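Observations on the three-dimensional arrangement
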Amino acid sequence: ASPCNRPVPATAGLSHDKWEIDPMELMLLEELGSGQFGVVRRGKWRGSIDVAVKMMKEGTMSEDDFIDEAKVMTKLQHQNLVQLYGVCSKHRPIYIVTEYMKHGSLLNYLRRHEQTLGGNVGLLLDMCIQVCKGMAYLERHNYIHRDLAARNCLVGSENVVKVADFGLARYVLDDQYTSSGGTKFPIKWAPPEVLNYTRFSSKSDIWAYGVLMWEVFTCGKMPYGRLKNTEVVDRVQRGILLEKPKACFKEVYDVMRKCWSHSPEDRPSFRVLKEQLVNVSKGLL
Ligand SMILES: CN1CCN(C(=O)c2ccc(Nc3nc(-c4cccc(NC(=O)c5ccc(C(C)(C)C)cc5)c4)cn4ccnc34)cc2)CC1
């Protein structure tokens, strides 16, 4: 209580909103990499919490809209989602502070460990199931990812896999990335209704998840190899699908193909998908 024994107001010390992180409490360490959106560094928050700090290059995102959304994002909490701890929005560039995942992106992890992972179908399937659990949580909260791919999932200790950057795509300003005709648009992870009408939904996340499963079972190959975006669009419109990866059981490939049903209604939900994949996984062991 304060000196004169008046009760301390509940908001004492929370001068910022709770999703606002005080940069004085952050210690920035080595660089983890850089995307088109700026540099990402490892850090320590309040002296002991390992964090990743995305320092968003100015002009790359609509910051005020994102800062508004950050309140919602900090409430999305699941063991297979990279936790957003908060933002530093009182300075530029803004910082996006999340939990730290020490093995980096799932895509790089698959490519780096192909020798040991390649033969371990049980582990590959387990990674897919973890991503599916995180996505089922987002689906339950009517939250669409919009850029689900192995590059946007991260790996922690004991082969923990978590979905990152969910919903962030909405705030990117670069229309080479946001419009389906742009050079940076993730064409190879997009279903027909997104290619034609940019109609995102949890069912378009399901299509992307099928491609992510293909990435996992090929240990990080590029979908459709070196085909140009126009050739991929043509194949997807004509219903030509990605081929079965060698390391993949037929039951698992059948699940991928369901995710690539032409009409969104024919694709499973993440909730249903999780049950199916867990059953396949039990069948394999
Ligand atoms: C033994 N190996 C040595 C090499 N290695 C690493 O250097 C390494 C280790 C840990 C890493 N961890 C993280 N790395 C990142 C990271 C690093 C570089 C770039 C990015 N990605 C981005 O900045 C980014 C991604 C997507 C998007 C849109 C909007 C398009 C969806 C926007 C921005 C993330 C974020 N993290 C969030 C939690 N943990 C991490 C990243 C790399 C991995 C381990």
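Residues numbered from 1 in each chain as written. Predicted model: local features only at pLDDT ≥ 70, side-chain atom pairs only at ≥ 80, totals over all residues. Heavy atoms only, no water.

1. Observations regarding the site of the ligand
Selection criterion: In this text, near means that some heavy atom of the residue lies within 4 Å of the molecule or strand in question. Polar contacts, as counted here, are pairs of nitrogen or oxygen atoms within 3.5 Å of one another; within protein the pair requires one atom able to donate a hydrogen and one able to accept it, and residues that are adjacent in sequence qualify only if both atoms are side-chain atoms. For every accessible area listed, the method is Shrake-Rupley and the probe measures 1.4 Å; residues are considered covered only by the protein chains on display. Under the scheme used here, helices are H or I runs from DSSP no shorter than 4 residues and strands are E runs no shorter than 2 residues, and both carry numbers assigned from the N terminus. Only Asp, Glu, Lys and Arg are considered charged in this grouping, and only Ala, Val, Leu, Ile, Met, Phe, Trp, Tyr, Cys and Pro are considered nonpolar; every other residue, Gly among them, is considered polar.
If you check the shell around the ligand, you find 21 residues, and the closest are Phe37, Val40, Glu99, Met101 and Asp165. Note that a nitrogen atom of the ligand is positioned 2.9 Å from one of the backbone N or O atoms of Met101. Here Arg112 contributes a side-chain N or O atom positioned 3.4 Å from a nitrogen atom of the ligand. Within the complex, the protein chains bury 75% of what would otherwise be the 880 Å² of accessible surface of the ligand. Secondary-structure elements contributing two or more residues to the shell around the ligand are β1 (26-35), β3 (49-56) and β5 (95-99). Across the shell around the ligand, the residue classes break down as 10 nonpolar, 5 polar and 6 charged.

2. Re the packing of helix α9 (residues 250-259) against helix α10 (residues 270-284)
Put simply, the rule reads: Geometry is summarised by axes, namely lines fitted to C-alpha atoms with helices restricted to the contacting stretch, and by angles between N-to-C directions that run from 0 to 180 degrees. In what follows, roughly perpendicular refers to angles from 65 to 115 degrees, roughly parallel to angles under 35, roughly antiparallel to angles over 145, and oblique to any angle outside these ranges. Throughout, a crossing is termed right-handed when the near helix is turned clockwise from the far one, and left-handed when it is turned anticlockwise from it by less than a right angle. Contacts are assigned to residue pairs that have any heavy atoms within 4.5 Å of one another.
Running from N to C, α9 and α10 point in directions that differ by 170°, and their axes come no closer than 10 Å. When the axes of α9 and α10 are compared, the pair comes out roughly antiparallel. Between α9 and α10 the crossing geometry is left-handed. When α9 is examined against α10, the residues Glu251, Val252, Val255 and Cys259 are found in contact with a partner set consisting of Leu273, Gln276, Leu277 and Val280. Here the residues of the contact of α9 with α10 are counted per class, giving 6 nonpolar, 1 polar and 1 charged.

3. Section: the pairing of β5
This is how the line gets drawn: The cut-offs for exposure are 20% and 50% of the maximum accessible area for each residue type, with area from a 1.4 Å probe on protein chains only; residues under the lower value are buried, those over the upper are exposed, and the others partly exposed. Here a strand pair is declared whenever DSSP counts at least two bridges between the two strands.
For β5, a buried count of 5 out of 5 residues is recorded, marking the element as mostly surrounded by other parts of the structure. The pairing of strand β4 (residues 84-88) with β5 spans 4 bridges and is classified as antiparallel. Bridging across to β5, Leu84 finds its partner in Thr98. Connecting β4 to the antiparallel partner β5 that follows it, the hairpin turn spans 6 residues.

Keep in mind that these numbers describe shape and distance, not what the molecule does.
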